[in-house]
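# Understanding the architecture of this molecule
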Amino acid sequence: GHVGRAVSLLAAAGVEARVFSDFGENPDTAAAERGRVFCDGFGPQAIVSLGGGSSLDCGKAINFVHSNGGHMRDYWGYGKLT
């Protein structure tokens, strides 16, 4: 119910929201990649994560690859982000 309520409140404020929920506990690079592809389809101006740690972690990973380009594997290691 929290996601539906958030989407309704954003819509009432004139903000279009789309929901990505294709991840589970302990999201991995595949979940981040699915989220990146989802975001690349419409170019969001912001990513909002609702829920517990998995939601927040996945949202951060999606934001990272969507904002910086490439794939998570491109950043494995140390000092890869410029």
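## Regarding the overall build of the protein chain
A tally of helices and strands in the protein chain yields three helices and zero strands. In the protein chain, the succession of α and β elements from N to C terminus is α-α-α. A buried classification covers 17% of the 82 residues belonging to the protein chain. Contacts spanning at least 24 positions in sequence make up 47% of the contacts within the protein chain whose residues lie at least 6 apart. When the accessible area of the protein chain is evaluated, it comes to approximately 5,800 Å², of which 53% is carbon and sulfur surface. Considering the protein chain, the positive charge centre built from 7 side chains and the negative charge centre built from 8 side chains are found 3 Å apart.

## Describing unusual backbone geometry
Of note, the phi angle at Asn26 is positive, near 50°, even though the residue is not glycine. Its place among the elements puts Asn26 in the loop between α1 (2-12) and α2 (29-40). Looking at Asn26, the relative accessible area reads 66%, which means it is exposed.

## Side note on the packing of α2 against helix α3 (residues 53-68)
Viewed as axis vectors pointing N to C, α2 and α3 meet at an angle of 55°, and their least axial separation amounts to 8 Å. With respect to their mutual orientation, α2 and α3 come out oblique. The handedness of the crossing between α2 and α3 is right-handed. Within the contact between the two elements, α2 uses Ala31, Ala32, Gly35, Arg36, Cys39 and Asp40 and α3 uses Cys58, Ala61, Ile62, Val65 and His66.

Rules behind the numbers
Residues numbered from 1 in each chain as written. Predicted model: local features only at pLDDT ≥ 70, side-chain atom pairs only at ≥ 80, totals over all residues. Heavy atoms only, no water. Helix = DSSP H or I, 4+ residues; strand = E, 2+ residues; numbered from the N terminus. Buried < 20%, exposed > 50% of the residue type's maximum accessible area, 1.4 Å probe, protein only. Contact = heavy atoms within 4.5 Å. Areas by Shrake-Rupley, 256 points an atom, 1.4 Å probe, with all protein chains shown as cover. Lys, Arg positive; Asp, Glu negative; His and termini not counted. Charge placed at Lys NZ, Arg CZ, Asp CG, Glu CD. Axes fitted to C-alpha atoms, helices over the stretch in contact; angles between N-to-C directions. Parallel < 35°, antiparallel > 145°, perpendicular 65-115°, else oblique. Left-handed = near helix turned anticlockwise from the far one by under 90°.

The values reported here are purely geometric and, on their own, carry no functional implication.
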